[in-house]
Every structure is written in C-alpha cells, then in structure tokens.
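Residues per chain are reported as follows:
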Amino acid sequence: AFGSLRSALLILANIPFALIGGVAALWITGVNLSVSAAVGFIALMGQAVLNGVLLVSDINARKNAGNTVELAVREGAFARLRAVLMTALLAALGLFPAALSHEIGSETQRPLALVVIGGLTSATILTLYVLPVLYALVEGRTRELATPEYGPEILASGSGGTSLP
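Residues numbered from 1 in each chain as written. Predicted model: local features only at pLDDT ≥ 70, side-chain atom pairs only at ≥ 80, totals over all residues. Heavy atoms only, no water.

Within the protein, the secondary structure is distributed over seven helices and zero strands. Element order for the protein, N to C, with α for helix and β for strand: α-α-α-α-α-α-α. Counting over 165 residues, the protein shows a buried share of 38%. Sequence-distant contacts in the protein: of pairs separated by 6 or more residues, those separated by 24 or more amount to 70%. (Helix = DSSP H or I, 4+ residues; strand = E, 2+ residues; numbered from the N terminus. Buried < 20%, exposed > 50% of the residue type's maximum accessible area, 1.4 Å probe, protein only. Contact = heavy atoms within 4.5 Å.)

Below is the structure:
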C-alpha cells in the first residue's frame, strides 16, 4: 500500500505495542489464555495495524508534500490523534460490559474483551508516542545517509565520512 518496506515495518511495529497490553490484562485479572483470548489477540492485531496505517499514511503524505520529517511527524501525529483515539475507544467501550461480566457465558466473552481492552490501551498510547519517534528515527537516519557527506564513494571506502577521498 505504501510502496516502502520501512513504512510497512513501522506499521507492523504496532503489533508488539498491542500485545503488551493484552498479555498484561490477562495477567492482572488472572484469566488464562484460551481460544477466545487468542481470537481477541487476532482482532487486537488488526486494530493495531489499522491505527499504524492511519498515522503512517498521514505522516508520509505530509512528508511527500515537502514538510521536514520532524514537522510531518509532529503535525501528522496531532492530526490523527482524534481518529486513533476514536477507533480505540469505540472497540474498548463496546467490549467493556463483556469484560466486567461474571454471568453465564462470560467465560468465553470475558477473555476476548479483556485482551482487546488491555491491548488497545497500550497500543493507543504507544502508537501516539512511540511510533512517531520511531518514524523520525528511521526517516532521519535515511535522510542522514543520503546527504552528500555520506556519498557512495565514502560509504564504500569505509571512512565513515571523516574525510573526503
């Protein structure tokens, strides 16, 4: 979708962000991993990837429009804050009653709800704070290597740009 391996890897970096919260939610509540919890992890990964796509696509569009990487990251993260929060809150609030339930049938619904709510909490926070930093680091490093100081002949010589050949 982006034509860039870096963008795809940045989006996939959201999956561990989500897994942290899902595992923590199961651990804190003392709920065992079950089939319904595993289904929750699958749904959670899809939501985390969606949030990453929202953020990275906006930052890429701003960068391609001529903004610096730092400005594109700052403005893109701020512009997509509402969209990322709304998608996470929609799923979390919808599953909140299932997470609190102790009635008949809750043994199948509760693990799924806990995983999704816990994972979305961590994924949303880390997507809004860590993903923009990762983007700036990856794109800043790429830009740094593309400067004339690090031309192909210097990189091939192994001098690291300390002196011109």
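Back to the text.
Moving on: the packing of helix α1 (residues 5–12) against helix α3 (residues 35–64). Where α1 contacts α3, the axes come no closer than 8 Å and their chain directions differ by 140 degrees. In terms of orientation, α1 lies oblique with respect to α3. For α1 against α3, the interelement crossing comes out right-handed. Where α1 abuts α3, its residues S7, L10 and I11 lie against V49, G52, V53, V56 and N60. (Axes fitted to C-alpha atoms, helices over the stretch in contact; angles between N-to-C directions. Parallel < 35°, antiparallel > 145°, perpendicular 65-115°, else oblique. Left-handed = near helix turned anticlockwise from the far one by under 90°.)

Attention now goes to the nonpolar core. Among the nonpolar cores identified, the biggest contains 18 residues, and A18, L26, F41, L44, A99, V115 and L120 are the most heavily contacted of them. Residue assignment for this core shows that the elements contributing at least two residues are α2 (14–29), α3, α5 (81–100) and α6 (106–146). Excluding residues that lie within four positions of it along the chain, V115 makes contacts with G22, L26, A37, G40, F41 and L44. Counting residues in each nonpolar core, the second largest holds 12 residues, with F17, V56, V69 and A77 among its members. (Core = buried A, V, L, I, M, F, W, Y, C linked by side-chain atoms within 4.5 Å.)

Turning next to α5. Given 3.6 residues per helical turn, the α-helix brings residues three or four places apart onto the same face. Under the 1.5 Å per step criterion, the end-to-end length of α5 is 28 Å for 20 residues, consistent within 8% with the ideal 28 Å. At G94, α5 is bent by approximately 30 degrees, the largest bend along its length, and proline P97 sits one to four residues beyond. All of the buried residues along α5 are V84, A88, A92, A98 and A99. (Expected span 1.5 Å × (residues − 1). Bend = angle between axes of the 7 residues up to and from the residue.)

A separate point is the side chain of S36. Tracing the sequence through the fold places S36 in helix α3. Within polar-contact distance, the side chain of S36 engages the backbone oxygen of T108 at 2.9 Å. With near-sequence residues (within four places) excluded, S36 lies in contact with E107, T108, P111 and L112. (Polar contact = N/O pair within 3.5 Å; in protein donor to acceptor, adjacent residues only side chain to side chain.)

In this section: the environment of F2. Position of F2 among the secondary structure elements: in the segment before α1. In this structure, the C-alpha to C-alpha distance between F2 and S57, residues 55 residues apart in sequence, is 7.8 Å. Not counting residues up to four positions away in its chain, the partners in contact with F2 are S7, I11, V53, S57 and N60.

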